[in-house]
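Structural description and commentary
So the chains spell out like this:
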Amino acid sequence: MLLVLAVIGTWGFSTVGAQAGEFPVKTAREIRLMKAKVRAAQFLSKATFGPTQESIESLARRISEVGYKRATSQWIDQQFALPATSHQDVALDIIQVDGNEPDTQGISVSLYRYQAWWHIALTGEDQLRQRVAWALSQIFVIGDSGTGFNNDDRRSIGGGQVTIVDWLGMSHYYDMLSEGIDGTYRELLEDVTYHPCMGDWLSSRGNRKANLSAGRFPDENYAREIMQLFSVGLYHLHQDGRLKTDENGNLIPTYDNEQIKELGRLFTGFKYKHYSRSDFYVPRNFGEPMQIHVPEHDNNLNYSEDPNAPASKTVFGTVLPPLPTTMTQDDVKAEIGAGLDAIANHPNVAPFICRLLIQRLVKSNPSRGYLRRVTRVFNDNGDGVRGDLRSVIKAILTDPELYRGQRPVRRRNPLRVDVITRGTEYSRLREPILRLTSLIRAMRPTTNYPAGYMMLSRNVGDEIGQMAFRSPSVFNFYLPDFQPPGDLIGYTPTRRNPYDSLFAPEFQILNGVTANKTLNRLRSWAYNRYVQYGMREGSCRISFHLEPELELARDLENLDEILCRFDLWLCNGSMSEATKTSIKDAILSEPRASNVQRVEVMLNAVLLSPDCAVEQ
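Residues numbered from 1 in each chain as written. Predicted model: local features only at pLDDT ≥ 70, side-chain atom pairs only at ≥ 80, totals over all residues. Heavy atoms only, no water.

Looking only at helices and strands, the protein features 24 helices and twelve strands. A compact globule built from 616 residues would reach a C-alpha radius of gyration of about 25 Å, and the protein, at 26 Å, matches this within 12%. Within the protein, the fraction of its 616 residues that count as buried is 57%. Taking contacts inside the protein between residues at least 6 apart in sequence as the whole, the part at least 24 apart equals 74%. For the protein, the accessible area works out to roughly 24,500 Å², and carbon and sulfur atoms hold 48% of it. Once the 70 positive and 72 negative side-chain charges of the protein are each reduced to a mean point, those two points are 6 Å apart. (Helix = DSSP H or I, 4+ residues; strand = E, 2+ residues; numbered from the N terminus. Rg over C-alpha atoms; globule rule 2.2 N^0.38 Å. Buried < 20%, exposed > 50% of the residue type's maximum accessible area, 1.4 Å probe, protein only. Contact = heavy atoms within 4.5 Å. Areas by Shrake-Rupley, 256 points an atom, 1.4 Å probe, with all protein chains shown as cover. Lys, Arg positive; Asp, Glu negative; His and termini not counted. Charge placed at Lys NZ, Arg CZ, Asp CG, Glu CD.)

Below you can see the structure in the form of structure tokens.
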């Protein structure tokens, strides 16, 4: 029921300047620090897998010293300076801890892939990089239903080389996204294009040139999706996200079927990397970029029944360089590179990709100004570099629109900080997986698993509708333009909105089943104060450590303090006083409840409240 209220809270909330939480302070000096804590919690909820008490206090101190933008900018730089945590390496280490091998048969060894993801999300020091990788994995999507993605086999590929185990291919792909944050969008687009997991997922691996006599034409799957989902989208956009229209008021498509055919021809000849065999069909290898099999790459000849078909390929108006009569791999790679250049330089890329990143990191409905400011950085980072991903992420996370969804205000009589929320266009339903990671990280967790591994089961995804590596299709778990059914009552999008309409992607996976299972899961964790799942070897229990709050709960006068802590850690300071009062009234109605029961009830109530489900 409470999550249903959360739905109403996000989609129907229309009050501007609504009163949210109150944070009492004792002295005027504490005002500045408390306001900084609210800002820090809000920022960290976007830039990590969940704030912790320590991370909030550390960033808040820095905000108090040097100001919000400078402190968060420094934090971003420090995070990007950390080495990337490798999902592949962590998975292999967990296997070693368990006494297994990566190719151990009959134990569903591929489950280590998910265990490694959970451990890194919950404990990794490079939180920003991993959070952005999670966002990128929902843009450049692959899913574990791909052919061979869960196999526990490895094989020789000549030259004394052996492949990684097949199931590690998706971890290798995820690490590629994580490391790609250090480069440009164009470089990442090429890495994605050549990765064998993407090659298998969207059937570019094994894509052959046309054979007119046999009635065979190139596969166009990757050609279509690289445009629709990975770069330009369906319709032309202004740099502030508004849709362009022609003189008749119609939307202008970014590409047509002829462009799909051209790119279908471009993405031909890909095969797995092999060190000794030169044929097209070589053993699977998910650990290295694909190679080009020159005889199966379209050479601009005999590809069409039209005798006047040009001996070239055109991508968004750019005619690619001609191919020599005798092609080499380098010639083909140069042509593919020129095609990727034409895609990456399309003016739609900046607003399309920046909007998706903002949706996954900050909010569902970025304003025209927000998009314009971020796309300006995408187009030029200040040093003439286009698509510099670090600069784009910093622009997204340091933009004023990130924190304008709520405003901490100094009040007197009594002395306190009030948080004012703006709602609707500034809010979003939290991703289910982030609700789980945020809870665990905030509870001062420890684990009983050897080597300190902190892991959940892959099956959590069946309950909440979302799990890393498990997207059901290339369209991700939800569409960026999804709108819950029904009218948006009592609210009209502002002129700041580029689409004159509001979207709420996360609602696409919210239904009666996922809502009920998510509530039950959160309730179980709150009342047990631990999370426990079976692993390949034994089980992993992640215990919550709330000893300070348990001690406070011995005195009913301390309920406000406990709720303020939970509010800051789990709701970023946005929990309304009405919600807090309801929780306190429930506790006070049971005066014989133990301190443990009080804390568990409060934690459960906070987790299930609309204020926690909806992020400002």
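Next up on the list: the sheet that holds strand β10 (residues 530-534). Across the sheet, which stays open at both edges, the three strands sit in the order β9-β11-β10 with antiparallel pairing between neighbours. In the strand order of this sheet, the two ends are held by β9 (446-447) and β10, each with one partner. Strand direction decides the pairing type here: β10 and strand β11 (residues 539-543), joined by five bridges, are antiparallel. Residue pairing for β11: G534 is matched across the bridge by S539. (Pairing = 2+ DSSP bridges.)

We now examine the nonpolar core. One recurring pattern in soluble globular proteins is that nonpolar side chains are buried together. Grouped together as the largest cluster of nonpolar side chains are 173 residues, with contacts concentrated most on W117, F140 and L570. In contact with F140, not counting residues within four places along its chain, are Y173, L177, Y185, L188, L189, V192, M198 and F230. (Core = buried A, V, L, I, M, F, W, Y, C linked by side-chain atoms within 4.5 Å.)

All chains considered together, the criterion is met by 45 salt bridges. Among the ionic pairs, R265 bridges to E262, the shortest N-O distance being 3.1 Å. One end of the pair is R265 and the other is E262, both in helix α12 (residues 257-266) and three residues apart, which spans about a single turn. The two residues R265 and E262 agree in class, both being buried. Taking the shortest distance from any N to any O, the salt bridge between E431 and R360 comes out at 3.6 Å. In this pair, E431 is assigned in the loop between β8 (428-429) and α17 (432-442) and R360 in helix α14 (residues 349-361), connecting sequence segments 71 residues apart. In this pair, the class of E431 matches that of R360, namely buried. (Salt bridge = Lys/Arg side-chain N within 4 Å of Asp/Glu carboxyl O.)

This brings us to unusual backbone geometry. Of note, the bond from N413 into P414 is cis; its omega dihedral lies within 30 degrees of zero at 0 degrees. Of note, the phi angle at S108 is positive, near 55 degrees, even though the residue is not glycine. Position of S108 among the secondary structure elements: in the loop between α5 (87-98) and α6 (112-123). Under the relative-accessibility criterion, S108 is labelled partly exposed at 45%.

All right, on to the environment of Q115 then. The residue Q115 is located in helix α6 in this model. A sequence separation of 141 residues divides Q115 from D256, and the C-alpha atoms of the two residues are 42 Å apart. Setting aside residues no more than four positions away along its own chain, Q115 makes contact with I94, M455, L456, M535 and R536.

To continue, consider α5. Taking 1.5 Å of rise per residue, twelve residues should cover 16 Å, and α5 covers 17 Å from first to last C-alpha, within 8% of that figure. Along α5, the positions that sit buried rather than exposed are H87, Q88, V90, A91, I94, I95 and D98. Its buried side turned inward, α5 meets α6, α7 (127-137) and α8 (169-180). Looking one or two residues beyond α5, the residue adopting positive phi is G99, at roughly 80 degrees. (Expected span 1.5 Å × (residues − 1).)

Of note, Q466 is situated in the loop between α18 (460-464) and α19 (512-528). Looking at Q466, the relative accessible area reads 1%, which means it is buried. A polar contact is formed between the side chain of Q466 and the backbone nitrogen of I433, at a distance of 3.1 Å. Those residues in contact with Q466 that sit more than four places away from it in its chain are W134, Q138, E431, P432, I433, G461, F477, Y478 and I509. (Polar contact = N/O pair within 3.5 Å; in protein donor to acceptor, adjacent residues only side chain to side chain.)

Glancing now at the packing of helix α4 (residues 68-81) against helix α16 (residues 389-398). It is at 10 Å that the axes of α4 and α16 come closest, and there the two elements cross at 145 degrees. Once α4 is placed against α16, the crossing between them reads as right-handed. Contacts between α4 and α16 pair Y68, K69, T72, S73, I76, D77 and F80 from the former with R390, I393, K394, L397 and T398 from the latter. (Axes fitted to C-alpha atoms, helices over the stretch in contact; angles between N-to-C directions. Left-handed = near helix turned anticlockwise from the far one by under 90°.)

This part takes up the side chain of E335. Mapped onto the elements of the fold, E335 is located in helix α13 (residues 329-344). Not counting chain neighbours up to four residues away, the residues in contact with E335 comprise L266, H297, D298, N300, K313, L320, P321 and L323.

This next bit is on the confidence of the model for the protein. On average, the protein scores 94 in pLDDT, and the residues at 70 or more come to 97%. In this model, residues 1-17 is a region of pLDDT below 50 whose contacts with residues beyond four sequence positions or in other chains number 45 contacts. (pLDDT = per-residue confidence, 0-100.)

On to the packing of aromatic side chains, then. With the rule as written, the count across this model stands at 22 aromatic pairs. Here the guanidinium or amino end of R113 rests over the ring plane of F469, the centre of that ring lying 5.8 Å away. Here the basic side chain of R265 rests over the ring of Y303, its NZ or CZ set 3.5 Å away from the ring centre. (Phe/Tyr/Trp six-rings, centres within 6.5 Å; stacked < 30°, edge-to-face > 60°. Lys NZ or Arg CZ within 6 Å of the ring centre and 35° of its normal.)

Right, let's talk about the environment of R29 for a bit. Tracing the sequence through the fold places R29 in helix α2 (residues 28-47). Through-space distance from the C-alpha of R29 to that of V374 is 35 Å; in sequence the pair is 345 residues apart.

A separate point is the pairing of strand β7 (residues 416-421). Most of β7 sits inside the fold, with six of its six residues counted as buried. Burial of β7 is two-sided: the residues R416, D418 and I420 facing one way and the residues V417, V419 and T421 facing the other way are all buried. Here six bridges tie strand β6 (residues 406-411) to β7, and the two strands are oriented antiparallel to one another. Looking at β7, one finds that R410 is bridged to V417. Connecting the antiparallel pair β6 and β7 is a turn made up of four residues, with N413 showing a positive phi of about 55 degrees.

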